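Fold and geometry: a report
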Amino acid sequence: MPHTGKPENQPRPTPTVEDYLMTMYVMERDYGEIIAARLAEMLNVAPATVAMTFRRMERDQWLTGKGRHGVHLTETGRAAASSVIRRHMLTEWLLVKVLKVPIHKTHDEAHNIEHAISPELEERMRESLGDPQVCPHGNPFPGAEEVTRGWVPLTEVPVGEKVVVRRIHEFAENSPELLTFLVEQGILPGSQTEVIETLPFNQTLTIRLGEKQVTLGYPAARFLFVERAVSA
Ligand SMILES: [Zn+2]
Ligand SMILES: [Zn+2]
């Protein structure tokens, strides 16, 4: 029996619209607004395509563009977004745990599969995967955001403080080069690290992981969320 009481009577959006909804949900939640130009970049489509899809999505009541502050998801849009994000994250776990797909490959693979998963299968996945609260990259399931509340961007950590990496932001998952780099360097949820130098004029910081030192630019470091004061 499904554990959520939300209405499933609305027909599921097309895969394209689901991709939009998912990205828009995360944008609105984590950055406070939906920026069409950024969305175009992230979904790898032309701005005109985004405008056209927005019109269709508004017609189908997934979003509202009438507000003074740009585009927002409607309640139905948010429910549909939550649904596809849950399927995405459960698929990522299935790939990691059962099929041993490396963590930098799961996001793209999951994107191809998530649209085809029925509510019944989703529920089975949720149960057999132990009802996870975050994806393998540490991003929260919709409704489980509280779990990640105390984690701060790596850029906010003072030099010398020991921290544990907990989350690689969903939007970093969109960059295979960055994800591959992080995995190769061992910068993963659960990794212990310490900031040993910050160079604000250079927009870089250097962290230590075991014996190794890795320098990251601020844009990449902002995608990494860490837990502070773990074993103080
Ligand atoms: Zn993902
Ligand atoms: Zn993920």
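Since this is a predicted model, take the numbers as computed values, not measurements. Here, residues in each chain are numbered from 1, in the same order as that chain's written sequence. The naming scheme follows written order: chains are lettered A onward, ligands numbered 1 onward. Totals for whole chains, interfaces and linings use all residues, but because this is a predicted model, local features are given only for residues with pLDDT of at least 70 and pairs of side-chain atoms are given and counted only at 80 or more.

**Some remarks on the environment of Leu188**
Labels follow the DSSP assignment, with helices taken as runs of H or I lasting at least four residues and strands as runs of E lasting at least two, numbered in each case from the N terminus. Tracing the chain through its elements places Leu188 in the loop between helix 8 (176-185) and strand 5 (192-199). Sequence separation of Leu188 and Ile113 is 75 residues, and the distance between their C-alpha atoms is 24 Å.

**Remarks on the environment of Val195**
By the element assignment, Val195 lies in strand 5. Excluding residues that lie within four positions of it along the chain, Val195 makes contacts with Val157, Val159, Glu161, Leu205 and Ile207. By the convention adopted here, residues are in contact when the distance between their C-beta atoms, placed from the backbone, does not exceed 7 Å.

**Describing unusual backbone geometry**
Positioned with a positive phi, Asn44 is a non-glycine residue whose angle comes to about 60°. Along the chain, the position of Asn44 falls in the loop between helix 2 (36-43) and helix 3 (47-59). Partly exposed residues are those whose C-beta has more than 12 but fewer than 20 other C-beta atoms within 10 Å; with 20 or more the residue is buried, with 12 or fewer it is exposed, and the C-beta atoms are placed from the backbone. A residue is classified by how many C-beta atoms lie within 10 Å of it, and Asn44, with 8 of them, is exposed. Unlike most non-glycine residues, Lys100 shows phi in positive territory, near 55°. Looking at the secondary structure, you find Lys100 in the loop between helix 4 (75-97) and helix 5 (103-113).

**Side note on the confidence of the model for the protein chain**
Detailed reading of the predicted coordinates is not advisable wherever pLDDT is low. Confidence scores per residue from the predictor, reported as pLDDT, run from 0 to 100. Chain-level pLDDT for the protein chain is 91 on average; 93% of the residues reach the 70-or-more range. Here residues 1-7 is modelled with pLDDT under 50, and outside its nearest four sequence neighbours on either side it reaches 3 contacts, counting other chains as well.

**Comments concerning the sheet that holds strand 3 (residues 152-153)**
Picture the strands of a sheet paired through backbone hydrogen bonds; they go either parallel or antiparallel. One bridge is not enough; two strands pair if DSSP finds at least two bridges between them. Taking strand neighbours across the sheet as the criterion, the 6 strands line up as 3-8-4-5-6-7 in an open arrangement whose pairing is antiparallel. The two strands at the open ends of the sheet, each matched to only one other strand, are strand 3 and strand 7 (212-217). Sheet topology note: the strand 6 (residues 204-209)/strand 7 ladder contains 6 bridges and is antiparallel. Each bridged residue has a counterpart across the sheet, and for Leu209 the counterpart in strand 7 is Lys212.

**Description of the nonpolar core**
A general feature of soluble globular proteins is that nonpolar side chains tend to end up buried together. Within the largest apolar cluster, 23 residues are counted, with the highest numbers of intra-cluster contacts made by Leu21, Met24, Tyr25, Trp62, Leu73 and Ala81. Connectivity within a nonpolar core runs through C-beta atoms within 7 Å, and the core itself is a set of buried Ala, Val, Leu, Ile, Met, Phe, Trp, Tyr and Cys residues. The next biggest cluster of nonpolar side chains, apart from the first, holds 18 residues, and it includes Leu182, Leu205, Phe223 and Phe225.

**Looking at the pairing of strand 6**
Pairing analysis gives 5 bridges linking strand 5 to strand 6, with the strands arranged antiparallel. Bridge pairing links Glu194 to Arg208 in strand 6. Where strand 5 folds back on strand 6, the antiparallel hairpin that results is connected by 4 residues, among which Gln203 adopts a positive phi of roughly 60°. Between strand 6 and strand 7, which pair antiparallel in sequence order, lie 2 residues; one of them, Gly210, sits at a positive phi of approximately 60°.

**What to know about the environment of Val45**
Inspection of the secondary structure puts Val45 in the loop between helix 2 and helix 3. Taking the number of C-beta atoms within 10 Å as the measure of exposure, Val45 has 16 and is therefore partly exposed.

**Section: the domain arrangement of the protein chain**
Where each domain begins and ends follows an automated or database-derived domain assignment. Split into domains, the protein chain comes out as domain 1 (15-128) and domain 2 (152-228). Its C-alpha centre places domain 1 at a distance of 25 Å from the equivalent point of domain 2. Each side of the interface is counted separately: domain 1 has 7 residues, and domain 2 has 9 residues. By residue number, the principal contributor to the side of domain 1 that touches domain 2 is helix 5, which donates 4 residues.

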